[in-house]
Amino acid sequence: MTIMNIRQNVSLKEHSSMRLGGEASYCADITSRDDLKQAIVWAYDNKQPVVMIGGGNNIIWRDEGFKGLLLVNKVMGYEAFNEDSENLYLTLGAGENWDSVVRRSVEAGASGIEALSLIPGTVGATPVQNVGAYGQDISQTLVSIEAYDISRGEFITIPTEDCKLSYRSSRFNTVDRGRFAIMGLTLHLIKNDPTPPFYPSLQAYLDEHGINRFTPAIIRSAVIDIRTSKLPDPAIVANNGSFFANPVIEKSQLSVLMEQCPSIPHWQQDDDRIKLSAAWLVAQAGFNDCHDSVTGMATWARQPLVIVNEHAKKTADLLVFKQKIVDAVKQRFDVILVQEPELLP
Ligand SMILES: Cc1cc2nc3c(=O)[nH]c(=O)nc-3n(C[C@H](O)[C@H](O)[C@H](O)COP(=O)(O)OP(=O)(O)OC[C@H]3O[C@@H](n4cnc5c(N)ncnc54)[C@H](O)[C@@H]3O)c2cc1C
């Protein structure tokens, strides 16, 4: 890569599925380790901070923009190894489209990521918030990550157990936020059919459609059907998917909430704490199919957890609308909703 490949004053709307935000001073596509090394040297010489992103599906950019070098990961690669009748290992470039990888693995008869079908974005972003859906998350199949440690200036391999993966969280979006440029992943998939019990809403779909034979392809097709029926396509409707994570509360707080709303949906976690449905809380707080003419933001009619940008011009509008929801839920249930998409920089 030469400095000629670094573009200036790039609109960040093109790098967020919410299509809001200012400009990045500089932006470069990264297709190889060499690209990355040269971009890092350039940023160091020119005293510019760097941020690496994929498809921008989990990012909200501030209106002020990013005064630094935006690195867009476009490292390709899909390699199967150690494949036998039971196992499939994959080494993947971080810039590969995630759903294409799921499709290819399902076509190879492997299971482990089929329930993560249609999650928009790149391979490299999946460990950042430990992407999950319908009872699967990336922690279950991830073997290791290839990354460049920006703080130490070296390429390293990080095994899964060192990634601190938990619900919507990892070291990459907490203690080591911004430290690593993820260049690739290795996954271990199993050549077996998926087995019940399935996630409740997936099981309900299977029951409703009389499906009682389960292959990776059947589960992928069911998940795609469920997702397309309730989630907007970010290529058409500006959104970041679920805007809030499901809150996790103490048992004692649940008892208080149940006095007020005996039907509150909840799930006990392994650590004895209780997960609530953020979608239910948002709807109960009065934001079901809500269209806010002041900010130009709305909640999606078929899934109130998805905030969509109908005609907002600024990230500030989104933040005002979001705060209205957070305040209403706090006031009604004394629960604080935590935003899922990352506000950058
Ligand atoms: C309609 C819709 C539905 C969604 N459904 C789900 C869902 O079911 N489950 C779920 O978990 N998420 C879901 N999401 C969120 C999103 O798809 C995931 O978080 C996805 O992994 C984002 O990929 P991306 O490439 O767009 O990442 P980006 O938005 O570009 O980046 C997300 C974060 O990861 C960092 N990052 C990205 N790539 C790299 C890299 N190579 N190296 C270092 N850091 C990197 C960025 O700096 C940023 O912090 C949904 C989003 C939408 C729009």
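Values in this document were obtained by computation on a predicted structure and should not be read as measured data. (Residues numbered from 1 in each chain as written. Predicted model: local features only at pLDDT ≥ 70, side-chain atom pairs only at ≥ 80, totals over all residues. Heavy atoms only, no water.)

Peer 1: Please set out helix 1 (residues 33–45) residue by residue, giving values where relevant.
Peer 2: Between its terminal C-alpha atoms helix 1 stretches 18 Å, which fits the 18 Å expected from 13 residues at 1.5 Å a residue. Where helix 1 is concerned, the buried positions are Asp35, Leu36, Ala39, Ile40, Trp42 and Ala43. All buried residues of helix 1 lie within an arc of 160 degrees about the axis, which places them on one face of the element. Exposed side of helix 1, more than 90 degrees from the buried face: Tyr44 and Asp45 are the residues found there. Close packing links the buried residues of helix 1 with strand 2 (23–30), strand 3 (50–53), strand 5 (66–73), strand 10 (142–149), strand 11 (154–159) and strand 12 (180–190). Looking one or two residues past helix 1, Lys47 carries a phi angle of roughly 55 degrees, positive in sign. (Helix = DSSP H or I, 4+ residues; strand = E, 2+ residues; numbered from the N terminus. Expected span 1.5 Å × (residues − 1). Buried < 20%, exposed > 50% of the residue type's maximum accessible area, 1.4 Å probe, protein only. Arc of directions from axis to C-beta. Contact = heavy atoms within 4.5 Å.)

Peer 1: So what's going on with the pattern of salt bridges? Residues and values would help.
Peer 2: Using the criterion set out here, one finds 15 salt bridges in the structure. A salt bridge links Glu250 to Arg273, with the nearest nitrogen and oxygen atoms 3.3 Å apart. Taken together, the residues Glu250 in the loop between strand 14 (248–249) and helix 5 (251–260) and Arg273 in the loop between strand 15 (266–268) and strand 16 (274–276) connect sequence positions 23 residues apart. The class for Glu250 is partly exposed, based on a relative accessible area of 42%. Classification of Arg273 as partly exposed rests on a relative accessible area of 30%. In this structure, the salt-bridge partner of Arg273 is Asp271, at a minimum N-O distance of 3.4 Å. Assessed through its relative accessible area of 49%, Asp271 is described here as partly exposed. Put simply, Asp149, Arg171, Asp176 and Arg179 are held in one network by salt bridges that share partners. (Salt bridge = Lys/Arg side-chain N within 4 Å of Asp/Glu carboxyl O.)

Peer 1: An account of the site of the ligand is requested, with residue identities and associated values reported.
Peer 2: Met52, Asn58, Pro120, Thr122 and Glu342 are the nearest of the 30 residues found near the ligand. A distance of 2.8 Å is found between a nitrogen atom of the ligand and a backbone nitrogen or oxygen belonging to Gly132. Contact with the protein chains removes 94% of the 970 Å² of surface that the ligand exposes when unbound. Where the shell around the ligand is concerned, the elements lending two or more residues are strand 3, strand 8 (132–133), strand 12 and strand 13 (239–242). Each residue belonging to the shell around the ligand can be placed in one class, and the counts come to 14 nonpolar, 13 polar and 3 charged. (Near = heavy atom within 4 Å. Polar contact = N/O pair within 3.5 Å; in protein donor to acceptor, adjacent residues only side chain to side chain. Areas by Shrake-Rupley, 256 points an atom, 1.4 Å probe, with all protein chains shown as cover. Nonpolar A, V, L, I, M, F, W, Y, C, P; charged D, E, K, R; others polar.)

Peer 1: So what's going on with the layout of surface pockets? Which residues, and what values?
Peer 2: Using a probe with the size of a water molecule, rolled over the atoms, empty space left in the structure can be pinpointed. Each pocket or cavity is described by its volume, and for the second largest pocket that value is around 290 Å³. Along the wall of the second largest pocket there are 20 residues; nearest its centre are Glu114, Gln136, Pro194, Thr195 and Phe198. In terms of residue count, the dominant contributor to the lining of the second largest pocket is strand 12 (3 residues). Within the lining of the second largest pocket, the residues separate by chemical class into 10 nonpolar, 8 polar and 2 charged. (1 Å grid on protein atoms, 1.4 Å probe; cavity = no way out; pocket = protein on both sides within 12 Å on 5 of 7 lines; lining within 4 Å. Points joined across faces, edges and corners; volume = space filled by probe spheres on them.)

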